[in-house]
Amino acid sequence: MPTGARRDPLAGFRFLVELDGLIAGGFSEVQGLEAEIETEEYREGGVNGFIHRLPKMTRQSNLTLKRGLTGSDVLWFWFKDASDGWVSRRDGSIILLDEHGEEAWRWNFAGAYPVKWTGPELRADSSSIAVESIELAHQGLSVFGL
């Protein structure tokens, strides 16, 4: 007796990063896809069994994008311009792909600008790839699952 279509979990290594409508390929890691509702505790007089926790605002973390260092200096100069006071906000998306390479989920972020750039860790006794990262503050995430 058939039970329906099988829906396996999606793999976390098949993703794309899009900035201003263009695929900015080559990123090896994305961190910060999270949101948390802040709460305020309220103690009600005469009620000793629990504390009311009332919802306040939703806080979303900065996004951190990591990629192997290449000849492209676009991320560095985006950060450098922001640090010099020329903040250029960009919209973008993190796109998670299914096993067929089709878009399965999309996290859109708006008004992002760099707040931190980290260069590679250089060590003569290691053969690892040189990685740069950029941390982006943004004006919120919207999520679309397909």
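Only a predicted model underlies this, so the values are computations on that prediction, with no experimental measurement involved.

**Student:** In this structure, what is going on with the overall build of the chain? I would like to understand it.
**Tutor:** When its secondary structure is counted, the chain shows one helix and ten strands. What you see in the chain, going N to C, is helices and strands ordered as β-β-β-β-β-β-α-β-β-β-β. On C-alpha atoms alone, the chain measures out to a radius of gyration of 20 Å, which is more than a quarter above the 15 Å that the 2.2 N^0.38 rule sets for 146 residues. The dimensions of the chain, computed from C-alpha atoms along their principal axes, are 65 × 60 × 35 Å. Burial statistics for the chain: of 146 residues in total, 25% are counted as buried. By sequence separation, contacts in the chain at least 24 residues apart represent 62% of the contacts at least 6 residues apart. A total accessible area of about 10300 Å² is found for the chain, and carbon and sulfur atoms account for 52% of it. Averaged over its 15 positive side-chain charges, the chain has a centre that lies 3 Å from the centre of its 22 negative ones.

**Student:** Hey, could you run me through a nonpolar patch on the surface in this one?
**Tutor:** On the surface, a cluster of nonpolar side chains totalling about 250 Å² of accessible area is made up of Leu10, Trp105 and Val143. As for its placement among the helices and strands, Trp105 is situated in strand S8 (residues 103-118). Residue classification places Trp105 among the partly exposed positions, given a relative accessible area of 37%.

**Student:** Please clarify how helix H1 (residues 74-83) should be interpreted in this entry.
**Tutor:** For an α-helix, the turn length of 3.6 residues means that residues three or four places apart are oriented alike. Those residues of H1 not exposed but buried are Leu75, Trp78, Phe79 and Ala82. One side of H1 holds all its buried residues, which, seen down the axis, span an arc of 95°. Where H1 is buried, its residues meet strand S1 (15-19), strand S3 (27-31), strand S6 (63-68), strand S7 (90-97), S8 and strand S9 (131-137). Just downstream of H1, Gly85 is the residue with a positive phi angle, here 95°.

**Student:** Please clarify how the nonpolar core should be interpreted in this entry.
**Tutor:** In a soluble, globular protein the nonpolar side chains are often hidden away together inside. Counting residues in hydrophobic clusters, the biggest one holds 17 residues, and the most contacted among them are Leu65, Phe109, Ile134 and Leu136. Residue assignment for this core shows that the elements contributing at least two residues are S1, S6, H1, S7, S8 and S9. Setting aside anything within four residues of it in sequence, one finds Leu65 in contact with Val17, Phe27, Glu29, Val30, Ile94, Glu132, Ser133, Ile134 and Leu136.

**Student:** Can you walk me through the layout of surface pockets in this structure?
**Tutor:** Gaps left between atoms show up when a probe the size of a water molecule is rolled over them. Computed from the structure, the second largest pocket encloses a volume of approximately 160 Å³. Lining the second largest pocket, in full, are Pro120, Glu121, Leu122, Arg123, Ser126, Ser127, Ser128, Ile129, Ala130 and Val131. Partitioning the lining of the second largest pocket into residue classes produces five nonpolar, three polar and two charged.

**Student:** Help me out: how do you make sense of the packing of aromatic side chains in this one?
**Tutor:** Two aromatic rings are characterised by how far apart their centres lie and by the angle between their planes. All chains considered together, the criterion is met by three aromatic pairs. On the basis of an interplanar angle of 45° and a centroid distance of 6.0 Å, the ring pair of Trp76 and Phe79 is categorised as tilted. One end of the pair is Trp76 and the other is Phe79, both in helix H1 and three residues apart, which spans about a single turn. According to the relative accessible area criterion, Phe79 is buried, its value standing at 18%.

**Student:** Help me understand the environment of Leu136, please; the structure alone is not making it clear to me.
**Tutor:** Looking at the element boundaries, Leu136 is found in strand S9. On the basis of relative accessibility, which here comes to 0%, the residue Leu136 falls in the buried class. In sequence terms Leu136 and Val30 are 106 residues apart; their C-alpha atoms lie 11 Å from each other. Those residues in contact with Leu136 that lie beyond four places of it in its chain are Asn62, Leu63, Leu65, Trp78, Phe109, Ala112, Tyr113 and Pro114.

Procedures and definitions
- Residues numbered from 1 in each chain as written.
- Predicted model: local features only at pLDDT ≥ 70, side-chain atom pairs only at ≥ 80, totals over all residues.
- Heavy atoms only, no water.
- Helix = DSSP H or I, 4+ residues; strand = E, 2+ residues; numbered from the N terminus.
- Rg over C-alpha atoms; globule rule 2.2 N^0.38 Å.
- Buried < 20%, exposed > 50% of the residue type's maximum accessible area, 1.4 Å probe, protein only.
- Contact = heavy atoms within 4.5 Å.
- Areas by Shrake-Rupley, 256 points an atom, 1.4 Å probe, with all protein chains shown as cover.
- Lys, Arg positive; Asp, Glu negative; His and termini not counted.
- Charge placed at Lys NZ, Arg CZ, Asp CG, Glu CD.
- Patch = residues over 30% accessible without salt bridge, like charges linked within 9 Å, V, L, I, M, F, W, Y side chains within 5 Å.
- Salt bridge = Lys/Arg side-chain N within 4 Å of Asp/Glu carboxyl O.
- Arc of directions from axis to C-beta.
- Core = buried A, V, L, I, M, F, W, Y, C linked by side-chain atoms within 4.5 Å.
- 1 Å grid on protein atoms, 1.4 Å probe; cavity = no way out; pocket = protein on both sides within 12 Å on 5 of 7 lines; lining within 4 Å.
- Points joined across faces, edges and corners; volume = space filled by probe spheres on them.
- Nonpolar A, V, L, I, M, F, W, Y, C, P; charged D, E, K, R; others polar.
- Phe/Tyr/Trp six-rings, centres within 6.5 Å; stacked < 30°, edge-to-face > 60°.

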